[in-house]
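Residue-level structural notes
Below are the chains, spelled out letter by letter.
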Amino acid sequence: MISQFLSDTWLLWVLLSIAGLLWWSARDSQYFSYVLNRFLLALATLLLVSGIVFALMEVLPGDCAEKYIAYKNTQGEMITQADIQAERVRMGLDKSLPERWGRWVTNLTLRGDLGFSCAKRQSVNLALGDRFWMSFMFCIAGLVFAYLIAVPFGILSAFTINKPWTDNNPQHSKTEQLVGTLMLSLQKVLDLLLRVISYLGLALPNFLLALTIILLYVFAGEAMPTGLFSEQWRNVPWFGDQGFETEKLYDFLGHIWLPIFVIGWSATALQLQTVRALVVDESNKLYVDAARARGVDGVALWAGYPVRHSISPLFNSIGFDFQRVFNDLPIVAVVIGLTDSAALLIEALSMTNDQELAAGILFLVALVVIGMNFITDVVLAAIDPRVRKSVLGN
Amino acid sequence: MNALLARFGRKPKLQKNDESYYTAGQLSLIKARFKRKTSGVVAAWILGTLVLMGFFAPFFSPVDPTIRGADAEYRRGAPQAVYFWDESGFSLRPFSYTYTKAKHKIDMSALASGGLDALDAFTSSGALSSSSQNKFVVDEQQRRYLQFFVQGWEYSLIDLSMAGLDLDIRWDRHLFGIERGQIHLMGTDEDGKDIFSRTLHAIWVTISIAIVALAVKLIVSLFVGGVSGYFGGRVDTIMMSITEAVRVIPPIPIYLACAVALAQIDLTPVQRYFAIAVVIGALDFATLGRRLRTHILTERNQDYVLAAQLCGSSTWRVIWRHLIPSFTSYIIVDTLINFPYVILAETSLSFLGLGLTEPVNSLGVLLQKAQDPDIQQNMIWQFFPVLVFVFLIMAFVFVGDALRDAADPYSEKK
Amino acid sequence: MINHNIPENLLEIRDLSIDFNTDEGIVRAVDNLNLSIRPGEVMGLVGESGSGKSVTAKSIMRLAPGNAIIQSPSRMTLNYHDQAVNILKLRGRDLRLVRGDAVSMIFQEPMASFAPAIRISDQIIQTMQIHLGYDKDQARRAGIELFERVGIVAPEKRFDQYVFELSGGMRQRAMIAMALSTKPKLLIADEPTTALDVTIQAQVLDLMLELREQLGMAMLFITHDLGVVSKIADNVTVMQRGKVVEAGSAEQVLFQPQHRYTQRLLDALPHLDNLPEAPVHTPAPLLSIENLSISYPVSGKGRKAEQFTAVNNISLDLPEGQIIGLVGESGSGKTSLGKAMLGAAPISSGTVEYHRTKKKVKFGAEKAIKRKRLARTAQLVFQDPYSSLNPRMTVRDIIAEPLEAMKLTKSRAETDARVIEVARRCHIEVEHLRRFPHAFSGGQRQRISIARALVCRPKFIVADESVAALDVSIQAEILTLLKELKEELGLTILFISHDLSVIANLCDWVCVMKQGELVEQGTVRQIFLDPQQAYTQKLISSIPLLESKEKCPSGSPELLHIAERPMPAVSFVSI
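Conventions adopted
Residues numbered from 1 in each chain as written. Chains lettered and ligands numbered in written order. Predicted model: local features only at pLDDT ≥ 70, side-chain atom pairs only at ≥ 80, totals over all residues. Helix = DSSP H or I, 4+ residues; strand = E, 2+ residues; numbered from the N terminus. Contact = placed C-beta atoms within 7 Å. Pairing = 2+ DSSP bridges. Axes fitted to C-alpha atoms, helices over the stretch in contact; angles between N-to-C directions. Nonpolar A, V, L, I, M, F, W, Y, C, P; charged D, E, K, R; others polar. pLDDT = per-residue confidence, 0-100. Expected span 1.5 Å × (residues − 1). Parallel < 35°, antiparallel > 145°, perpendicular 65-115°, else oblique. Left-handed = near helix turned anticlockwise from the far one by under 90°. Core = buried A, V, L, I, M, F, W, Y, C linked by C-beta atoms within 7 Å. Buried ≥ 20, exposed ≤ 12 C-beta atoms within 10 Å, placed from the backbone.

Description of the overall build of chain B
The secondary structure content of chain B amounts to 17 helices and 4 strands. Contacts in chain B between residues at least 24 apart in sequence constitute 73% of all its contacts with a sequence separation of at least 6.

Here you go:
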């Protein structure tokens, strides 16, 4: 009885105990009171997001009762308007929007229940299954890809931004000037080239990019790496008779690089701009000159001073970067034929008008973004003295 | 062009002793700084050319891009090249050749007698199949010369009737055309519509959607940021929580939901076009709204605003004379930087078939066709709009980049 | 005095010319500069902003900004272990020779010259590891020792803190410790005391003198303040617009200046021997302040809102037609008090009342301000000549702002006439009225700011640190203008400043504030020559006055006598 009650309301207890723990720690720690503050703020934002998402899904045509009845209709049953109405009442759809929202939120906070998908005829949690994790991993991988390119090249770009094309220093000899000019031009050209390539990621919409790559496969006469696995591996378990199926892993990697590459590339352009702006900002500050004056130079100077100080704001934006990458994912999923939650989202929105499923996915994305923002805020307050000073005072 | 070349050499410097420097406002200073960014200037020229050609698309297009102007004789046709010379000699006036459709020889009698082989040959010859390339015979003996400022179909050069003004200048001259028939610089699509002309028209449609969307975005952002920043306190807290909540939801799914809802309503293409622009603009207020709020909060504490207050200026005067002008350069730059993103949003929607649809000419619609395997394999020239699109976006990004460096709106100096 | 023998001079600069490649074309920043520093010598490099002194210093460390071009035939030679090193030809790792090994630098803003997110200890240890090859523990011990030496209380604790956790004076001490950590032969100090309060400035100067005596290193001391120079330098070089206008021993330059420019700089210093006589009778007050308190909310909203009391229960009468100086260190509440008189600060209790106005102007905690009525009576001239003028308006529009905002004129022509009249009075050329503020230098901007304040013919002006951001010679011009305005228009001016020398030159009456309280008030003579309160005495004694001292031959610093004035008992304020 009690165990039933507890398992029905497990999420609420988890949330409450986290809040309680934070509150307990916050009594004599400024830091934990900040964390508690952030935690409550995150929960409030989530509540607001759920409201917005829920209200927004109302614009999708049809409701669950209609779909259910329509489904029955295809099974050969005769349907009247009264049946639809009865079904509405049974599902609670005759209630007002706030009331339904309240029930949705209650179910969500009590046991993490995202509702019931009419089109799939199963609970949203079940329909999503691992697919949300799949999308999550795609986005993270895409982000890592973007960072791997954007950070070094953004720094390089910042490094060259205020440099001239030619070396006219009269203190240098003619040969030194020539070599200097060559080096400078090389840097500038490299910077320009990298910028063009990364902006191309923005200018070539990701669906086109995916199409182009698929086209190349077509021309090469090879099988297109759509989906996650090839036909032969789709239903093979990871651990077969001979232990772990390495072949399946290779096949998997051969497929997932495409979506990761596509969404990663389009995310790169923005990241590059951000990194460049941040590093340029920091490198113009006096402390960099002061460090130079102390004889710090080369990598130690760049890595230790402007770059090190640009990391925090970059880290701080991870949550929204995730949102931006996820934003691109649905279309890529359609083109490549993925079956992750982004594809489900597109399906739910534009084909089946499955309000509950779409709301569930959007809410989960928001949850991840807010969660990431919460974590970055808390971590930065712990490790970056500048942030600590601004949020906690001295 | 000379000016362009000149920039690669010695960059013109503003002389400090020049009175024009002293009497130059903020915008002219930004302009002067911008002119020193070579990549930005080049991109600005490309962008300007594209936008101008888009705006006066009817004038620059040799062929009517609608179904009216479709060339029934030249469907699925490859680009027609323009030459100055060939084996038969040089000509100052560029010319093209005459293209005629290759006739498939169909053995009707064999077909009538029911020979399966004949039917096989018939179907595989491509005469019926829509997925193969049409073959055209080039008659190199019949030159067709290009003509300039030719009379063609009538169009509106400038039409402000949409804006409620009674101004509609109509014209029928076009920059170039060709004698006997039509010229298809970039080939035609399956209906025989000219790709080159369609693309030109699409540029302006797409840009105008972006302009409407950005205008809506600006109004909403100004409202949110202004109210939040000016009133502060509780209003600010509430507004910013909502903004924060909107900010975490990925926008494209939201656009999608709205587009699906719009699809339910019976709208004319023009209404649909505006509805989509408004949706894209109205939901994108979060970032700019927040920035404007911060801007107002910092700017409000600037000494010159206090100075205006101590001079006896009323609140409205402070807002109108001091606060709003302080954003203008900022807003212009931000808008320009956001252009590519809005255009991408439009193309994404069109790509999913939820934005604009055929027969409207928008870059999104033209881009969507690129995913058709038939086009990928048989009509590769239909990728021309893709090329234009990439150029357009790149030009916007580079101009935006250079302008941001010139105006530096994001580095708030304390 | 120039010694061409290279081993004798630690640093020798010959024919240094630096051009800047700017938006407005090529600008010459330093023109044919010659300078030499002997071991152990303190060279004062004096000049105003734009004189090229900072660029010179930076180019010694090869830190001149990217758009600076050092023209040939410039030469810079450093005597490093009896070897002549051509600084301008150094490349790569060799640059460390001038960046730390032999030369160190102290910057004007200690806060900005430490990386904010790295502990001070790590930055100092890194420096020592680079130059002295210490290991971590060794460097740490040496660093703490240095901290102790520069007079930082609880050095072990402070060593591991971040720069923003230290107070202003502490930061500059830490910066000095950092500069000394590599045991340089030459210390370049770029305006090291300018950003500090007078009392702290005096402490830091004393510290530098003491260190110089102990370590025997040479110093290139860059400043605009001749008073500071006279305290510390053996030889002085005066620069104006990139050129050296005068050079010689401190005695010679400061007491027998040859060049007009040097004389002008010297005139700007306070002369305590000819302070103005007190007026025979004190005029009636224009403005009365009663029990005024001002407080700001500090942090936290709602339940935990804390209040910071900037001004605590002050009563004060300001006599009409006089310039009243309001002195205090940063954080003393002087600006809040000045703003409260204009109704621009949150008054928590007490009242401000203006007398002799057509309609009664009185406001306070309970009584709301009649903004327009007040605006015609009292105006403000700001500290920062850059942020106080709207960069998007022309000078004419800026000056006309009060007239247009309050609709005081009937026609545009009348407005223009008023603007031109006041512009003439403030020595702004009429042709310049259609320019934008960015076309003007700080001093000219401040004239515009004054013209704006005067255009609606107020009786009272608050000048809030209005000359603090200006060069000494420009300061003098603005001060002259203010005196002129007082004489001609009968203005009452409240002049807020932390700079006692300016107050001494300008004001009739002086009020001293400390931590929100009025400590002392009186005529200039009373305050400067016979201060009653301990705090005022400390302030007055901290003014860097021109001092004559027996110069020791350089290179033998142990013979140096420091100023006659007793060094303040070491009372390092720790946080």
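Re the sheet that holds strand β12 (residues 285–297) of chain C
Residue and element names in this part refer to chain C. Read across the open sheet, the 4 strands follow the order β13-β12-β15-β16; overall the sheet is antiparallel. Of all strands in the sheet, those with a lone pairing partner are β13 (307–319) and β16 (361–364), marking the two edges. Averaged over neighbouring strand pairs, the angle between their axes works out to 10° when direction is ignored. Bridge analysis of β12 against β13 gives 9 bridges, and the strand direction is antiparallel. Its bridge partner being in β13, Ile289 is matched across the sheet by Leu316. Along the sheet, helix α11 (residues 334–341) contacts β12, β13 and β15 (347–354); its crossing angle with β13, the most-contacted strand, is approximately 60°.

Observations concerning the interface of chain B and chain A
At the junction of the two partners, chain B supplies 37 residues and chain A supplies 37 residues. Looking at the side of chain B that touches chain A, the elements with two or more residues in it are α9 (233–248), α10 (251–264), α14 (315–351) and α17 (384–407) of chain B. Per-element tally for the side of chain B that touches chain A: the top contributor is α10(B), with 10 residues. Counted by class, the side of chain B that touches chain A contains 28 nonpolar, 8 polar and 1 charged residues.

Points about the confidence of the model for chain A
Taken residue by residue, chain A gives an average pLDDT of 82. The fraction at 70 or more is 95%. In the model of chain A, strand β3 (residues 239–240) of chain A stands out as the element of lowest mean pLDDT, 68, in contrast to helix α16 (residues 355–383) of chain A, which has the highest, 90.

What about helix α3 (residues 30–57) of chain A?
Within an α-helix, residues lying three or four positions from one another point in the same direction, as the helix has 3.6 residues per turn. For α3(A), with 28 residues, the first-to-last C-alpha span of 40 Å sits near the 40 Å given by 1.5 Å per residue. Here the buried face of α3(A) lies against α2 (10–26), α6 (97–111) and α16 of chain A together with α9 and α10 of chain B.

Some details on the confidence of the model for chain B
All names here are of chain B. Per-residue confidence for chain B gives a mean pLDDT of 76; residues scoring 70 or more make up 83%. Of all helices and strands in chain B, the one with the weakest mean pLDDT is helix α1 (residues 2–8) (41), whereas helix α4 (residues 38–55) scores best (88). Low pLDDT, under 50, characterises residues 1–16; the stretch is placed with 17 contacts to residues that sit more than four places away or in other chains. Both confidence scores are given for the complex: pTM 0.80, ipTM 0.82.

Considering the packing of helix α9 (residues 174–203) of chain A against α17(B)
Two elements in contact, α9(A) and α17(B), have axes separated by 9 Å at closest approach and are oriented at 120°. It follows that α9(A) is oblique to α17(B) by the angle criterion. Like other packed secondary-structure pairs, α9(A) and α17(B) cross with a definite hand, here right-handed. Here α9(A) contributes Tyr199(A), Leu202(A) and Ala203(A) to the contact with α17(B), which in turn contributes Val390(B), Ile393(B), Met394(B) and Val397(B). Looking at the contact of α9(A) with α17(B) residue by residue, the classes come out as 7 nonpolar, no polar and no charged.

So, the nonpolar core
In summary, soluble globular proteins display a tendency toward joint burial of nonpolar side chains. Residues Leu186(C), Leu220(C), Phe221(C), Ile399(C), Ala451(C), Leu494(C) and Phe495(C) are the most contacted members of the largest nonpolar core, which totals 187 residues. In terms of residues, this core owes the most to one element, helix α7 (residues 198–215) of chain C, which gives 8 residues. In contact with Ala451(C), not counting residues within four places along its chain, are Ile399(C), Val422(C), Ala423(C), Cys426(C) and Ile428(C). Judged by nonpolar contacts, the second largest core, of 167 residues, contains Val124(A), Phe363(A), Ala259(B) and Ala406(B).

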